[in-house]
Amino acid sequence: NNNSQRRKRLGMYFLESDDRRTALGGGYTRGSTPVNIRGKPLSEPTMSRTGGWIAAFFIFGNEMAERMAYFGLSVNMVAFMFYIMHRPFESSANAVNNFLGISQASSVLGGFIADAYLGRYWTIAIFTTIYLMGLTGITLSATITALMPNQDICDQSALLMGNCEPAKQWQMLYLYATLYVTGFGAAGIRPCVSSFGADQFDERSTDYKQHLDRFFNFFYMSVTVGAIVAFTAVVYIQMEHGWGSAFGSLAIAMGMSNLVFFLGTPLYRHRLPGGSPLTRVAQVIVAAFRKRKVSFQSSEYVGLYELPGKRSAIKGSNKIAHTEDFRMLDKAALQLKEDGASPSPWRLCTVTQVEEVKILVKLIPIPACTIMLNLILTEFLTLSVQQAYTLNTHMGHLKLPVTCMPVFPGLSIFLLLSMYYSVFVPISRRITGHPQGASQLQRVGIGLLVSILSVAWAGIFERYRRYYAIQQGYEASFLTPMPELSAYWLLIQYCLIGIAEVFCIVGLLEFLYEEAPDAMRSIGSAYAAVAGGIGCFAATILNNIVKSLTGNAEKRRPSWLSQNINTGRFDYFYWLLTVLSIINFCVFLYAAQRYQYRAKQEGEIRDK
């Protein structure tokens, strides 16, 4: 009874006052009302002329071009550094992995800027221009001969022996600088585009959930189309017209998408930035620490603090109901008699502000469990290509370039998304009873499970491929394709990882958008990008650990990840990834079982 009374007191009794100074200094706003580009609330007639699917399609174009550039760089930059800049393959792959990791992990910066100061539209507008500047710089590095080492006396044998003239330090410095300018631009675009697109739909609509579900599927389809173009058209341009034309095509596509994005400006709905989320988080931590010794039973305890009515102290945010999680943070909202009528926000926070911090913490385990999938995706970009170099890539009379092989996961994603609502949803709805066929976390779990199958098959096939290469006398010829063994056996692992990516990443993006606090949705979306960046870094770290533990130069024992794939043991490495993926999947099941969706949790609180 005492516990029940205490829960009721904490959950229902809030002290409300109009005299409190907000942490933002910008007054109050009612809920997450859409506004125009000038920050003025949209009237009902204006709402009918803005947002919706038409506005979303203008945003899709920007994401398609950004993903086309991202995958175009990821698949071509390693080869460019190796063949043109004469860098070792291993260091080239690590450099590109680090670039990909930094561009994704720094997405939290873009999310912070959007949520705190600029809003999502202006953040995209600024960073997409920076992205274009970086791509232009990369194009120049592949076009101007002064920015490249001498190519005259460098055939394939000299390249493999490391006898080609290496790039000068200042040439590599310029290339890295343009790469990281591009990565910085991507960091501002990636966390905002999906959230800004989802902002175009009216939360009051009865079919809002259905629109949101379809939006994230179409959004990821645009990502896939960009990837397919990068793995086919851009590779073709590189082979026929050179590196400068290939990178230049990425810059042209980005410039055209920027133009389309700006043309859609009159149609967009906007959300007010809610002020610095890091400041609000810091205020909760400081206020809770100051009152850490105060008991909820103290005679000085007045109640948990919140504003009256429907107004929120956080611009662009609805109020959030109190929950029983992380009770130590509730002390930041404890109203004591000594706090007075107008306490400092560093001493007293609203319940909504405290709940924001709780939500951010509760979200972390789910995207953290997708790091393993992103690690596998990163490994597949390099390891599968190395496998393909030893296999026959002919399709009838057509010879498919090895660098085009990663297009097959994209094709499988495109086909699956095309059939998602006509095949998967009706079948799964009968099994689960869920309106969308499966909940967001169920889709993430399906993706993680399929990724295990993908990497396990990769290990099985690599064992067979390596055995075949040794038996047929190809052990030393690791760049010579074996005509009797088709590269299309790789399609199984490619298609499985594509299916895994659809379920996991699309489900994760929708989950983070819906579950994140209203004024922190860009940061919520950035969680997915950060998980991707950590996956890239983790791939580099894991590769270095495996090489150091399994290789021994003194004993002439090659590592599992030897540059000569036929003397290495890629199969062992794939099975190591399989074991790590199974462990990760078990952790996800535990985290998903404990997680309670916000809508369900708030409904239970209202029923008390």
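See the structure printed just above.
Here's what I pulled together on the structure shown here. What you are looking at is a predicted structure, and each value in this text was computed from that prediction instead of being measured.

Looking at helix 3 (residues 52-83)
Piece 1. End to end, helix 3 covers 47 Å across 32 residues, agreeing with the expected 46 Å (1.5 Å per residue, within 8%).
Piece 2. Taking the largest bend as the criterion, helix 3 deviates by roughly 40 degrees, centred on Asn-76.
Piece 3. Most of helix 3 is tucked away, with 25 of its 32 residues classed as buried.

Some points on the side chain of Asn-566
Piece 1. Mapped onto the elements of the fold, Asn-566 is located in the loop between helix 18 (521-550) and helix 19 (570-594).
Piece 2. In terms of polar contacts, Asn-566 uses its side chain to reach the side chain of Arg-465, at 2.8 Å.
Piece 3. A distance of 2.8 Å separates a polar atom in the side chain of Asn-566 from the backbone oxygen of Tyr-474.

Concerning the layout of surface pockets
Piece 1. Put simply, the second largest pocket is a space of about 500 Å³.
Piece 2. As for the second largest pocket, its lining consists of 23 residues, and the residues nearest its centre are Tyr-83, Tyr-389, Lys-399, Pro-401 and Val-402.
Piece 3. Secondary structure elements with two or more residues in the lining of the second largest pocket: helix 3, helix 8 (208-241), helix 14 (371-389), strand 4 (391-392) and strand 7 (482-486).
Piece 4. Considering each element in turn, the lining of the second largest pocket owes the most residues, 4 residues, to helix 3.
Piece 5. Here the residues of the lining of the second largest pocket are counted per class, giving 15 nonpolar, 7 polar and 1 charged.
Piece 6. Looking at which domains feed residues into the lining of the second largest pocket, each of domain 1 (35-273) and domain 3 (359-595) supplies at least three.

Notes on the environment of Ala-519
Piece 1. Along the polypeptide, Ala-519 turns up in the loop between helix 17 (490-515) and helix 18.
Piece 2. On a C-alpha basis, the gap between Ala-519 and Pro-277 in space is 8.0 Å, while along the polypeptide they are 242 residues apart.

Considering the packing of helix 15 (residues 407-432) against helix 17
Piece 1. Interaxial distance between helix 15 and helix 17 falls to 8 Å at its minimum, and their mutual angle equals 50 degrees. Between helix 15 and helix 17, the angle is such that the two are oblique. Where helix 15 crosses over helix 17, the two elements pack in a sense that is right-handed. Where helix 15 abuts helix 17, its residues Phe-408, Pro-409, Ser-412, Ile-413, Leu-416, Leu-417, Tyr-420 and Phe-424 lie against Leu-491, Tyr-494, Cys-495, Ile-497, Gly-498, Ile-499, Glu-501, Val-502 and Phe-503.
Piece 2. Classifying every residue of the contact of helix 15 with helix 17 gives 14 nonpolar, 2 polar and 1 charged.

Cut-offs applied
- For every chain, the first residue of the written sequence is number 1, and numbering continues from 1 along that sequence.
- pLDDT decides what is reported in this predicted model: residues at 70 or higher carry local features, side-chain atom pairs at 80 or more are listed and counted, and totals for whole chains, interfaces and linings draw on all residues regardless.
- Hydrogen atoms and water are omitted, and side-chain values are computed over all heavy atoms in the structure.
- Put simply, DSSP H or I for four residues or longer makes a helix, DSSP E for two residues or longer makes a strand, and each gets a number counted from the N terminus.
- One fewer than the residue count of a helix, multiplied by 1.5 Å, yields its expected span.
- Working definition for bend: take the seven residues up to and ending at a residue and the seven starting at it, fit an axis to each, and measure the angle between the axes.
- Only protein chains enter the area calculation, which uses a 1.4 Å probe; residues under 20% of their type maximum are buried, those over 50% are exposed, and those in between are partly exposed.
- As used in this structure description, the phrase polar contact means that two N or O atoms lie within 3.5 Å; if the pair is within protein, one of them must be able to donate a hydrogen and the other to accept it, and residues adjacent in sequence are counted only when both atoms belong to side chains.
- Whether a set of points on the 1 Å grid over the protein atoms alone is a cavity depends on a 1.4 Å probe fitting there but being unable to get out, while an open set qualifies as a pocket with protein on both sides within 12 Å along at least five of seven lines; lining residues are those with an atom within 4 Å of a point.
- Grid points are joined across faces, edges and corners, and a volume is the space filled by probe spheres set on the points.
- For this classification, Asp, Glu, Lys and Arg are treated as charged, while Ala, Val, Leu, Ile, Met, Phe, Trp, Tyr, Cys and Pro are nonpolar and the rest, including Gly, are polar.
- The domain boundaries here were taken from an automatic or database domain assignment.
- Inter-axis angles, ranging from 0 to 180 degrees, are taken between N-to-C directions of lines fitted to C-alpha atoms, where helices are fitted over the stretch in contact.
- Roughly parallel means an angle under 35 degrees; roughly antiparallel, over 145; roughly perpendicular, 65 to 115; everything else is oblique.
- A crossing counts as left-handed when the near helix is turned anticlockwise from the far one by less than a right angle, and as right-handed when that turn is clockwise.
- Pairs of residues are marked as contacts when any of their non-hydrogen atoms sit within 4.5 Å.

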